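Below, each chain spelled out in residue letters.
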Amino acid sequence: MTSKSLSGGTIAALPRHRLLGEFSLWSADLANMERDLHRIEPYVDLHHIDVADARFTPGFLFFPDFVARIAKLTAKPIHVHLMVEAEIVEEQTRQFIEAGADLVSVHAENGEAGLRAVALAKELGAEAGVVLRLETPVAKAEPFLTEVAFFTLLGTSIGVKGQSLSDKACDRLREARSLMKRAGREKDIVLAADGGIREQTVPLLRAAGAETVVLGSLAFGDMDLPGRIAWLHALEIRP
Ligand SMILES: O=C(CO)[C@@H](O)[C@H](O)COP(=O)(O)O
């Protein structure tokens, strides 16, 4: 596989006329990561790498060396989702960008430290995003919206895979889109849905305004990956 070369404008270069597929490497076969990366490479719009500190989240996930290795094996952009406490979010942002992340998303719940991490990501030549836990009011993301290129809403409890989508998820996406509009950033920010991504939920999330979905078992568990991605790309564009 080719080595990737980093360049700015990663998010602006993503197609906006169809739903994007962001592949969560947590859901790959961890014992066969290189094989899985090779299999998904043609279909990936973004790689999604979860980072969890076992304090902000129930569990512990991934680290900079992992990102550095993945960056050598793919030409596709790497999105790191930092699910960590405020006191380490800036340092973690630096470490993951140095390792090869193109886009780092921090939690709005990190407050001022999260805003400083966003500024740092941009200073270091990467792009920045904001994420909300399912239970956090959507308005909490407002101070980030002038600064970020990506806005992710969790549709399940944080840091646990295999869950069903919350009933609140679609309304929250609609609210997020109105906030983006109010901030004058609707066209500049990609709106993402993470968690509970299933065959029956993707069309609902799409209709509610999601422009990308974080694919876990829906992609890695599908024997017909080209067919699954063709299905994803053919879904109606948001009205
Ligand atoms: O963080 C998450 C879910 O919250 C994703 O990154 C997981 O990878 C999703 O896995 P599935 O539940 O879709 O299998």
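- As named in an unreviewed UniProt entry, the protein is Ribulose-phosphate 3-epimerase, taken from Rhizobium viscosum.

1. A few points about the overall build of the protein
Then step 1. Secondary structure assignment for the protein yields eight helices and nine strands.
Then step 2. Whereas a compact globule of 239 residues would reach a radius of gyration of roughly 18 Å, the protein reaches 16 Å, a difference of no more than 12%.
Then step 3. In the protein, buried positions account for 58% of the 239 residues.
Then step 4. Relative to all contacts within the protein whose residues are 6 or more apart in sequence, the contacts with residues 24 or more apart total 70%.
Then step 5. With an accessible surface of roughly 10100 Å², the protein has 53% of that area assigned to carbon and sulfur atoms.
Then step 6. Positive and negative side-chain charges in the protein, numbering 27 and 33 respectively, have mean positions lying 3 Å apart.

2. Topic: the packing of helix α3 (residues 86-99) against helix α4 (residues 111-123)
Then step 1. The geometry of α3 relative to α4 is characterised by a closest axis approach of 8 Å and an angle of 15° between their N-to-C directions. It follows from the interaxial angle that α3 and α4 lie roughly parallel. The way α3 lies across α4 gives a crossing that is right-handed. For the pair α3 and α4, contact is made by Ala86, Val89, Glu90, Thr93, Arg94 and Ile97 and by Ala113, Gly114, Arg116, Ala117, Leu120 and Ala121, respectively.
Then step 2. Looking at side-chain class alone, the contact of α3 with α4 contains seven nonpolar, two polar and three charged residues.

3. Focus on the pairing of strand β1 (residues 20-24)
Within a regular beta strand, the side chains point alternately toward one face of the sheet and then the other, so they alternate between its two faces.
Then step 1. When you tally the buried positions in β1, you get five out of five residues, the bulk of the element.
Then step 2. Here β1 pairs with strand β9 (residues 212-215) via four bridges, running parallel. In the strand pairing of β9, Phe23 is matched with Leu215.
Then step 3. Strand direction decides the pairing type here: β1 and strand β2 (residues 46-53), joined by three bridges, are parallel. Among the inter-strand pairings, Phe23 is bridged to a residue of β2, identified as His47.

4. Focus: the site of the ligand
Then step 1. Residues in close proximity to the ligand total 14 residues, the closest being Ser24, Ser27, Asp50, Gly162 and Ser217.
Then step 2. In this structure, Asp50 approaches the ligand through a side-chain N or O atom, which is 2.8 Å from an oxygen atom.
Then step 3. Between the ligand and the protein, one listed contact pairs an oxygen atom with a backbone N or O atom of Gly162 at 2.6 Å.
Then step 4. Protein chains bury 95% of the 370 Å² of accessible surface belonging to the ligand in isolation.
Then step 5. Of the residues in the shell around the ligand, the class split is three nonpolar, seven polar and four charged.

Calculation criteria
- Residues numbered from 1 in each chain as written.
- Predicted model: local features only at pLDDT ≥ 70, side-chain atom pairs only at ≥ 80, totals over all residues.
- Heavy atoms only, no water.
- Helix = DSSP H or I, 4+ residues; strand = E, 2+ residues; numbered from the N terminus.
- Rg over C-alpha atoms; globule rule 2.2 N^0.38 Å.
- Buried < 20%, exposed > 50% of the residue type's maximum accessible area, 1.4 Å probe, protein only.
- Contact = heavy atoms within 4.5 Å.
- Areas by Shrake-Rupley, 256 points an atom, 1.4 Å probe, with all protein chains shown as cover.
- Lys, Arg positive; Asp, Glu negative; His and termini not counted.
- Charge placed at Lys NZ, Arg CZ, Asp CG, Glu CD.
- Axes fitted to C-alpha atoms, helices over the stretch in contact; angles between N-to-C directions.
- Parallel < 35°, antiparallel > 145°, perpendicular 65-115°, else oblique.
- Left-handed = near helix turned anticlockwise from the far one by under 90°.
- Nonpolar A, V, L, I, M, F, W, Y, C, P; charged D, E, K, R; others polar.
- Pairing = 2+ DSSP bridges.
- Near = heavy atom within 4 Å.
- Polar contact = N/O pair within 3.5 Å; in protein donor to acceptor, adjacent residues only side chain to side chain.

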